[in-house]
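Structural features, examined
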Amino acid sequence: EVQLVESGGGLVQPGGSLRLSCAASGFTFSGYGLSWVRQAPGKGLEWVSGINSGGVMTVYGDSVKGRFTVSRDNAKNTLYLQMNSLKPEDTAVYYCAAKAGGQPSSAINSYYYWGQGTQVTVSS
């Protein structure tokens, strides 16, 4: 059974930091491109960041570039998102997603596997 389980969300003040994790099982993690996707209240899905299967290529959406860092540990089957300088507009449910082919994509419908999401709330 394929599982992607996010953790690390919570309530943080503006300007603060959080580190999200996504633990994977049930598929060949090291062969998949991975991304973080978020959904703010009342809005659609927004692609946030992606990383290739080897972890050497990363890409970011304009809204998070320079503040967020994506990484992965293929030995631990885990994806991470370090979020710094958080803003209220970063408030959303954050999902990790995996696609075959090794390369990430900003095309959300290209992802096969999804986690259940973790809530991030940025508020004073």
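Since we're looking at a predicted model, the values are computed, not measured.

Rules and cut-offs
- Residues numbered from 1 in each chain as written.
- Predicted model: local features only at pLDDT ≥ 70, side-chain atom pairs only at ≥ 80, totals over all residues.
- Heavy atoms only, no water.
- Helix = DSSP H or I, 4+ residues; strand = E, 2+ residues; numbered from the N terminus.
- Rg over C-alpha atoms; globule rule 2.2 N^0.38 Å.
- Buried < 20%, exposed > 50% of the residue type's maximum accessible area, 1.4 Å probe, protein only.
- Contact = heavy atoms within 4.5 Å.
- Areas by Shrake-Rupley, 256 points an atom, 1.4 Å probe, with all protein chains shown as cover.
- Lys, Arg positive; Asp, Glu negative; His and termini not counted.
- Charge placed at Lys NZ, Arg CZ, Asp CG, Glu CD.
- Core = buried A, V, L, I, M, F, W, Y, C linked by side-chain atoms within 4.5 Å.
- Disulfide = S-S within 2.5 Å.

Moving on: the overall build of the protein. When helices and strands are tallied, the protein shows zero helices and 11 strands. Listing each helix as α and each strand as β along the protein from the N terminus yields β-β-β-β-β-β-β-β-β-β-β. Taking 14 Å as the expected radius of gyration for a compact globule of 124 residues, we find that the protein reaches 13 Å, a close match to that expectation. Taking the principal axes of its C-alpha atoms as reference, the protein extends roughly 40 × 25 × 25 Å. Expressed as a percentage of the 124 residues in the protein, the buried residues total 45%. The contacts of the protein with a sequence gap of at least 6 include a subset with a gap of at least 24, amounting to 59%. In the structure as shown, the protein presents an accessible area of about 5900 Å², 48% of it carried by carbon and sulfur atoms. Averaging the positions of the 9 positive and the 7 negative side-chain charges in the protein gives two centres separated by 5 Å.

Quick look at the environment of Ser71 now. With respect to the secondary-structure elements, Ser71 resides in strand S7 (residues 68-73). Counting along the chain gives 35 residues from Ser71 to Trp36, while the straight-line C-alpha distance between them is 11 Å. Apart from residues lying up to four places away in sequence, Ser71 is in contact with Ile51, Leu79 and Tyr80.

To continue, consider the nonpolar core. Core analysis: the largest hydrophobic core is formed by 28 residues, its most contacted members being Trp36, Phe68, Leu79, Leu81, Met83 and Tyr94. Mapped by element, the contributors of at least two residues to this core are strand S3 (18-25), strand S4 (33-39), strand S5 (45-51), S7, strand S8 (78-83), strand S9 (92-99) and strand S11 (118-122).

With that out of the way, let us pick up the state of the cysteines. Using the criterion set out here, one finds one disulfide in the structure. Through a disulfide, Cys22 is tied to Cys96; the S-S separation comes to 2.0 Å. Of note, the bridge from Cys22 to Cys96 carries an S-S torsion of about 50° and is right-handed in sense. Taken together, the residues Cys22 in strand S3 and Cys96 in strand S9 connect sequence positions 74 residues apart. Given the relative accessible area of 1%, Cys22 is considered buried. For Cys96, a relative accessible area of 1% translates into the label buried.

With respect to the element layout, Ala100 can be found in the loop between S9 and strand S10 (113-114). C-alpha separation for the pair Ala100 and Ala23, spaced 77 residues apart in sequence, amounts to 17 Å. Excluding residues within four positions of it along the chain, Ala100 makes contact with Tyr32 and Tyr112.

Worth remembering: the numbers are spatial, not functional.
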